[in-house]
Amino acid sequence: KEATMDYGINETCCFTGHRSGKLPWGDNENDARCTALKRRLYDVLEGLSGSGVRRYICGMAQGSDMYFAEAVLALRRERPQVVLEAAVPCLGQESSWPEVLRERYRRILESADIKTVLSHRYTPSCMEERNRYMVENSGVVVAVFGGGRGGTFNTLRMAYRLGRRVIELDV
């Protein structure tokens, strides 16, 4: 863990959501549904910030994780008390991604106020460990979820089991 700051659980929100392949518009971020989702995400974060949430944890995956991180960074321009934490499941997470996504990942990572690395190398459980870290350290979980099994489903199940406040945005 590169940096740590002390934020209470009620001041912290994390995010879980589908990667591009599970979103109805895929990689087409110009699709009106994607644009609308990004706006809803920003509005939810703005509301949370107004209620005292200052730290936002992102798991740094492709797709809606990046939308979340970019919305937090936009909010931080308006509200300097907002902090973005990048919860990196393993070093090299982005190494097999297309170059345009690697560049976006690096930009977000460089802009993050806190960088937490859960594993120095890929392991079969590192994504789940990242998700557990995020939920256990957050009072609120924002999710982009359109149904189906997988990491987002499992993270939401964990959040509900731990009694976290969950805000689900349908796609």
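Position numbers for residues count from 1 along each chain, tracking the sequence in the order it is written. At least 70 in pLDDT is required for a residue's local features to be given in this predicted model, at least 80 for side-chain atom pairs to be given and counted, and no such filter applies to totals for whole chains, interfaces and linings, which use all residues. Excluding hydrogens and water, the side-chain values take into account all heavy atoms of the structure.

1. As for helix H1 (residues 32-50)
Item 1. Numbering of helices and strands runs from the N terminus, with a helix taken as a DSSP run of H or I at least four residues long and a strand as a DSSP run of E at least two residues long. Expected span of a helix: the number of residues minus one, times 1.5 Å. In this model H1 runs 27 Å from its N-terminal to its C-terminal C-alpha over 19 residues, within 8% of the 27 Å that 1.5 Å per residue would give.
Item 2. Only protein chains enter the area calculation, which uses a 1.4 Å probe; residues under 20% of their type maximum are buried, those over 50% are exposed, and those in between are partly exposed. All of the buried residues in H1 are Cys34, Leu37, Leu41, Tyr42, Val44, Leu45, Leu48 and Ser49. Here the buried residues of H1 occupy an arc of 165 degrees about the axis, which is enough to place them on one side. Set apart from the buried face of H1 by more than 90 degrees, the exposed residues are Ala32 and Gly50.
Item 3. Contacts are residue-level and defined by heavy atoms, with any inter-residue pair within 4.5 Å sufficient. The inward-facing, buried residues of H1 contact strand S1 (12-17), strand S2 (55-58), helix H2 (64-78), strand S5 (140-144) and strand S6 (165-169).
Item 4. Think of a polar contact as two N or O atoms within 3.5 Å of one another; within protein, one of them needs to be a possible hydrogen donor and the other a possible acceptor, and neighboring residues in sequence only count if both atoms come from side chains. Near the N-terminus of H1, the side chain that reaches the backbone nitrogen of Arg33, with its oxygen 2.7 Å away, is that of Asp31.
Item 5. Phi for Gly52, located one or two positions after H1, is positive at around 105 degrees. Here, the arc refers to the directions that run from the helix axis to the C-beta atoms.

2. Description of the layout of surface pockets
Item 1. One number sums up the size of the largest pocket: a volume of about 220 Å³.
Item 2. Along the wall of the largest pocket there are 16 residues; nearest its centre are Gly17, Arg19, Arg130, Gly151 and Thr152.
Item 3. When contributions to the lining of the largest pocket are tallied by element, the ones reaching two or more residues are S1, helix H4 (126-136) and helix H5 (151-161).
Item 4. With 4 residues, H4 is the largest single contributor of residues to the lining of the largest pocket.
Item 5. For the lining of the largest pocket, the class distribution of residues is 4 nonpolar, 8 polar and 4 charged. Residues are said to line a cavity or pocket when one of their atoms sits within 4 Å of a point; the points come from a 1 Å grid over protein atoms alone, cavities being sets where a 1.4 Å probe fits but cannot get out and pockets being open sets with protein on both sides within 12 Å along at least five of seven lines. Grid points are joined across faces, edges and corners, and a volume is the space filled by probe spheres set on the points. Following the grouping adopted for this structure description, the nonpolar residues are Ala, Val, Leu, Ile, Met, Phe, Trp, Tyr, Cys and Pro, the charged ones are Asp, Glu, Lys and Arg, and the polar ones are all others, Gly among them.

3. Quick look at H5
Residue pairs spaced three or four apart in an α-helix point in one direction, given the helix's 3.6 residues per turn.
Item 1. For H5, the complete set of buried residues consists of Thr152, Thr155, Leu156, Met158 and Ala159. Summarising the axial view, the buried residues of H5 lie within an arc of 160 degrees, below the 170-degree limit, and thus occupy one face.
Item 2. The inward-facing, buried residues of H5 abut S1, H4, S5 and S6.
Item 3. Gly163 lies just past H5 and shows a positive phi near 75 degrees.

4. Re the side chain of Asp65
Item 1. Turning to its location among the elements, Asp65 is positioned in helix H2.
Item 2. For this count, His and the chain ends are skipped, Lys and Arg are scored as positive, and Asp and Glu as negative. One side-chain nitrogen of Lys or Arg within 4 Å of one carboxyl oxygen of Asp or Glu is enough to make a salt bridge. Here Asp65 is buried and forms no salt bridge, its nearest opposite-charge partner Arg130 lying at an N-O distance of 4.7 Å.

5. Thoughts on the packing of H2 against helix H3 (residues 99-111)
Item 1. Structural elements are reduced to axes, namely lines fitted to C-alpha atoms, with helices fitted over the stretch in contact, and the angle between N-to-C directions of any two is expressed from 0 to 180 degrees. Axis separation between H2 and H3 bottoms out at 11 Å; the angle between their running directions is 40 degrees. Here H2 is positioned oblique relative to H3, judged by the angle of their axes. Considering only the axes of H2 and H3, their crossing is left-handed. Between H2 and H3, the residues in contact are Met66, Tyr67, Ala69, Glu70, Leu73 and Arg76 and Leu101, Arg104, Tyr105, Ile108 and Ser111, respectively.
Item 2. In terms of residue class, the contact of H2 with H3 is made up of 7 nonpolar, 1 polar and 3 charged. Relative orientations are named as follows: roughly parallel for angles under 35 degrees, roughly antiparallel for angles over 145 degrees, roughly perpendicular for angles from 65 to 115 degrees, and oblique for any other angle. The crossing is said to be left-handed when, going from far helix to near helix, the turn is anticlockwise and less than a right angle, and right-handed when the turn is clockwise.

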